Amino acid sequence: MRHLHIMLCMLLSIASRAAEPVFSNDDVTATVIEPGVTVLETSDKTTMYLVEGDTAALLIDTGTKCRDLDKIAAKLTDKPLRVALTHCHYDHSGGVHYFPEVYMHPADTLVTSRNMADYKGKIRYIEEGYRFELGSRTLEVFLMPGHTPGSIIFVDFAGKMAFTGDAFGTGQLWMQLNPQVEFSTLSESCGRMLRLMTSQGIEKLYAGHYPYIKKPIGLDYMLDIAENARDIENGNINAATPFGEDALLLRRGQAEIVFRPEAAGKRKGHGPTVLLKLDDVHYGDDGEAVPDAWNRVVNFIDSAGIKANLGIIGYSLDSDRTDYFDWLRTTARNPRIEFWNHGYHNRMSMDEPGEFEQDFHKQRAALHRTDSLATAKAGLTLRAWGRHWTNCNEHTDSALASISNIELVFGHPEHPRLFKGTLVERNLEMEYPFHNPVYAKFLANYLGRYSHLDHFYLQGHPHSWDEARWQEFTAIIRRLKADGAHFVCISEFLGQQ
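Residues numbered from 1 in each chain as written. Predicted model: local features only at pLDDT ≥ 70, side-chain atom pairs only at ≥ 80, totals over all residues. Heavy atoms only, no water.

Quick look at the packing of aromatic side chains now. All chains considered together, the criterion is met by 25 aromatic pairs. A ring pair is formed by phenylalanine 410 and tyrosine 457, whose centres lie 5.2 Å apart and whose planes are at 65 degrees; its orientation type is edge-to-face. On the criterion of sequence distance, the pair formed by phenylalanine 410 in strand β22 (residues 408-410) and tyrosine 457 in strand β24 (residues 455-460) is long-range, its members being 47 residues apart. Note on tyrosine 457: relative accessible area 6%, which makes it buried. Measuring from centroid to centroid gives 6.0 Å for tryptophan 465 and tryptophan 470, while their planes differ by 55 degrees, and the two rings are tilted. Tryptophan 470 shares its class with tryptophan 465; the two are buried. Each member of the aromatic cluster is reached from another via a ring pair, and the members are Tyr49, Phe163, Tyr206 and Tyr210. The ring of tyrosine 212 carries lysine 45 above its face, with NZ or CZ at 5.6 Å from the centroid. We note lysine 277 situated over the ring of phenylalanine 410; from NZ or CZ to the ring centre the distance is 5.7 Å. (Phe/Tyr/Trp six-rings, centres within 6.5 Å; stacked < 30°, edge-to-face > 60°. Helix = DSSP H or I, 4+ residues; strand = E, 2+ residues; numbered from the N terminus. Buried < 20%, exposed > 50% of the residue type's maximum accessible area, 1.4 Å probe, protein only. Lys NZ or Arg CZ within 6 Å of the ring centre and 35° of its normal.)

Strands sit in the order β9-β10-β11-β12-β14 across an open sheet of five strands; the sheet is mixed. Since the sheet does not close on itself, it has two edges, and those belong to β9 (131-133) and β14 (204-207), each with one partner. Looking at each pair of strands side by side, their axes are set apart by 20 degrees on average, direction ignored. Sheet topology note: the strand β10 (residues 138-143)/strand β11 (residues 152-156) ladder contains four bridges and is antiparallel. Across the sheet, leucine 143 pairs through a bridge with isoleucine 152, a residue of β11. (Pairing = 2+ DSSP bridges. Axes fitted to C-alpha atoms, helices over the stretch in contact; angles between N-to-C directions.)

Applying the stated criterion across every chain yields a total of zero disulfides. Cysteine 66 supplies the cysteine sulfur nearest to cysteine 88, a cysteine that is in no disulfide, at a spacing of 18 Å. When its relative accessible area of 1% is taken as the criterion, cysteine 88 is described as buried. (Disulfide = S-S within 2.5 Å.)

Another aspect to go through is the pattern of salt bridges. Enumeration according to the criterion identifies 25 salt bridges in this entry. Salt-bridge contacts for aspartate 231 lead to arginine 479; the nearest nitrogen and oxygen are separated by 2.8 Å. Residue aspartate 231 is found in helix α6 (residues 219-234), and its partner arginine 479 is found in helix α12 (residues 467-482); the two are separated by 248 residues along the sequence. Aspartate 231 sits in the buried class, given a relative accessible area of 7%. Under the relative-accessibility criterion, arginine 479 is labelled buried at 4%. (Salt bridge = Lys/Arg side-chain N within 4 Å of Asp/Glu carboxyl O.)

Tracing the sequence through the fold places threonine 273 in strand β18 (residues 273-281). A relative accessible area of 11% places threonine 273 in the buried class. Sequence spacing of threonine 273 and glycine 150 is 123 residues, and the spatial spacing of their C-alpha atoms is 33 Å.

All right, on to the pairing of strand β16 (residues 247-252) then. As judged from the three bridges shared by strand β15 (residues 241-243) and β16, these two strands associate in the antiparallel manner. Looking across to β16, one finds that proline 242 is bridged to leucine 248. The antiparallel pairing of β15 with β16 creates a hairpin that spans three residues between the two strands, and glycine 244 there sits at a positive phi of about 70 degrees. Two strands pair when backbone bridges link them, and β16 and strand β17 (residues 255-259) are joined in this way by five bridges, in the antiparallel orientation. Following the sheet pairing, leucine 250 is matched in β17 by isoleucine 257. In textbook terms, the turn of a hairpin is the stretch between consecutive antiparallel strands, and for β16 and β17 this stretch comprises two residues, one of which, glycine 253, has a positive phi near 55 degrees.

Leu69, Ile72, Ala73 and Leu76 are the residues of helix α2 (residues 69-76) that are buried. One face of α2 carries all of its buried residues, which in axial projection span an arc of 100 degrees. Away from its buried face, by an angle of more than 90 degrees, α2 presents the exposed residues Ala74 and Lys75. Residues of α2 that are buried in the fold lie against β1 (23-24), β2 (28-34), β3 (37-42), β4 (47-52), β5 (57-60) and β6 (81-84). (Arc of directions from axis to C-beta. Contact = heavy atoms within 4.5 Å.)

Between α6 and helix α11 (residues 439-449), the least distance of the axes is 11 Å, while the angle of their chain directions is 60 degrees. In terms of axis orientation, α6 runs oblique to α11. Of the two possible hands of crossing, α6 and α11 adopt the one that is left-handed. Contacts between α6 and α11 involve Leu223, Ala226, Glu227 and Arg230 from the first element and Tyr439, Ala440, Leu443, Ala444, Tyr446 and Leu447 from the second. (Parallel < 35°, antiparallel > 145°, perpendicular 65-115°, else oblique. Left-handed = near helix turned anticlockwise from the far one by under 90°.)

Below, the discussion takes up the packing of helix α7 (residues 292-304) against α12. Here α7 crosses α12 at 25 degrees, and the two axes come no closer than 12 Å. Taken together, the axis directions place α7 and α12 in an arrangement best described as roughly parallel. At the point where α7 passes α12, the crossing takes the right-handed sense. Note on element contacts: α12 touches α7 through Glu467, Trp470, Gln471, Phe473, Thr474, Ile477 and Lys481, opposite Arg296, Val297, Phe300 and Ala304.

Another point: the environment of glutamate 52. In this fold, glutamate 52 is placed in strand β4. Residue glutamate 52 is classed as buried on the basis of its relative accessible area of 17%. Sequence spacing of glutamate 52 and glycine 284 is 232 residues, and the spatial spacing of their C-alpha atoms is 64 Å. Contacts of glutamate 52, omitting those with residues within four sequence positions, involve Gly36, Ala57, Leu76, Thr77, Lys79, Leu134 and Arg137. At 2.5 Å, the side chain of glutamate 52 and the side chain of threonine 77 are in polar contact. (Polar contact = N/O pair within 3.5 Å; in protein donor to acceptor, adjacent residues only side chain to side chain.)

In C-alpha cells, the structure reads:
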C-alpha cells in the first residue's frame with residue numbers, strides 16, 4: 001500500500017510539473033498541454049498554440065500584442081517555424097509583423113484587420129485540405145465559416161484534436177460582428193465539426209481563448225453550440241437575453257452565441273420528413289388490452305400533433321384477445337396512426353435463426369400470416385413491413401414481392417430486385433443500443449453525419465422505455481418539431497412519392 005502511495009505522489013508530482021509554464025513574461029505565459037503542443041496565453045486572454053512535430057513547428061495565431069513574439073517562439077522550439085491564422089481578427093493576428101510569412105484563408109480578406117493591411121511580409125493563402133507536414137505530425141485545414149467568412153481549423157487526426165480559433169467560440173461565440181455570416185452557414189460548419197468528432201474520433205478542441213476555460217472543449221459543447229445555431233436559424237430566440245446595445249445572447253448548457261436579432265429566423269425551406277417507426281405492438285397482461293406504454297404513445301402522438309407508425313407482431317393476432325383487437329380498431333381510426341407488418345414472431349435468442357433468415361416459404365408464411373390475421377381480426381390493411389431482431393437474406397426480396405399490399409419497407413432488403421415498392425433506406429438512430437433512446441447521440445448524428453437527409457425513419461421500442469428513456473425520446477421529438485420536421489404516416493409518405 002505504501003508503494004502505491006509513493007507511486008501516486010510521483011505521478012501527481014509529474015503532472016504538476018508538466019503544467020508549470022516553460023516560459024513567462026509580462027505579455028505571455030507558455031505551458032505544455034499535450035506532447036508537442038504548447039499554449040501561449042497572453043495577458044489580455046488571447047491564445048496561440050505552438051504545435052511541433054519531429055522536423056517542423058506551426059504557430060497557430062499571433063495574439064494581440066506580445067513583444068518579440070518571434071524571439072519567444074525561437075526559445076520554445078528550435079525547429080523551422082511556420083505561422084498560420086485561424087482568422088484575421090486583431091486578437092488573433094496582432095503579432096504577424098514579427099514574421100516574414102503567414103498562412104491564412106483568402107475568404108478572411110473581407111475582415112482583414114488594420115495590422116494585416118499594413119503587413120509587409122508574404123501572405124500565403126491556403127484552402128481546405130491543405131496540410132502542414134511537421135514530421136510525425138500532420139495538421140489538416142478545414143474551412144469552418146461562421147464567426148468570420150474564412151475561419152479555419154487545424155485538425156490533428158492522429159492526436160484526436162483540433163485547433164479551432166473562434167470558429168465555435170470558447171464558451172461564447174460572437175456572431176454579431178461585421179461582415180455577418182448567415183446562421184445556415186454556421187449550422188453547416190457545426191455539422192461538419194460534429195461529423196469529424198463522431199466519425200473520425202476527434203475528442204479535444206483547443207479553442208481561441210484558452211485562458212477563459214483552461215481546458216479543451218468537447219462534444220457536449222459542440223452539441224450545445226450546434227443547437228443554439230439551429231434555434232437562431234429557426235427564429236426560436238425567446239430565451240435570448242440582451243447583450244450590449246444591439247445584440248442578444250442565447251445560452252444552452254455550456255455554450256453561448258451572441259447575435260443580432262435581425263439575423264434570426266432566416267432558415268429556408270422546411271425540416272425533414274420523418275416516419276416515426278415504433279416496434280413490437282402486442283397484447284397486454286393482467287386485463288390490459290395493450291401494455292400501458294402503447295396508450296402513453298398514442299396520447300403523446302395526439303398531444304404533440306405528430307404522426308406515427310406502429311409495428312404489429314403477428315403472433316399477438318393469433319389469439320382470442322378481443323379487447324386487444326378492439327384497441328387496434330379504435331387506434332387505427334386515429335388519423336395520426338398507421339399500423340404495419342412486423343413479421344409473425346420475434347427472435348428470442350442468437351441461437352435460433354431469425355424469421356427472415358430462412359427460406360422463401362417460411363418468410364412468405366410469416367408475412368402472409370400477419371397480414372391475413374390483421375385483416376381478419378382487426379380489419380387492418382398493412383401497407384409496410386419492417387424486420388424485427390433478425391437479419392435478412394436473398395429470399396426476403398421475393399417474399400416481400402409476394403404480398404401485394406406491402407408497398408413500403410423500412411431499411412431492408414437494401415437492394416431489392418423483385419420488390420417494386422418504396423424503400424426507406426435510412427434509419428436515423430435514436431436508441432443506443434436498441435431500446436435505449438439517447439438524445440445527445442441522436443443529436444450528434446442528426447446535426448452532424450446525417451444533417452443532409454431530407455427524409456428518414458426513426459425507430460423505437462416504447463414497451464421497454466422507463467421514465468428516463470421516455471424523457472430522452474420526447475426531447476428528440478421536440479428537437480425535430482422545433483426544426484419543422486414533417487411527421488407522416490406510411491400512406492401519406494407513399495402518396496408523396
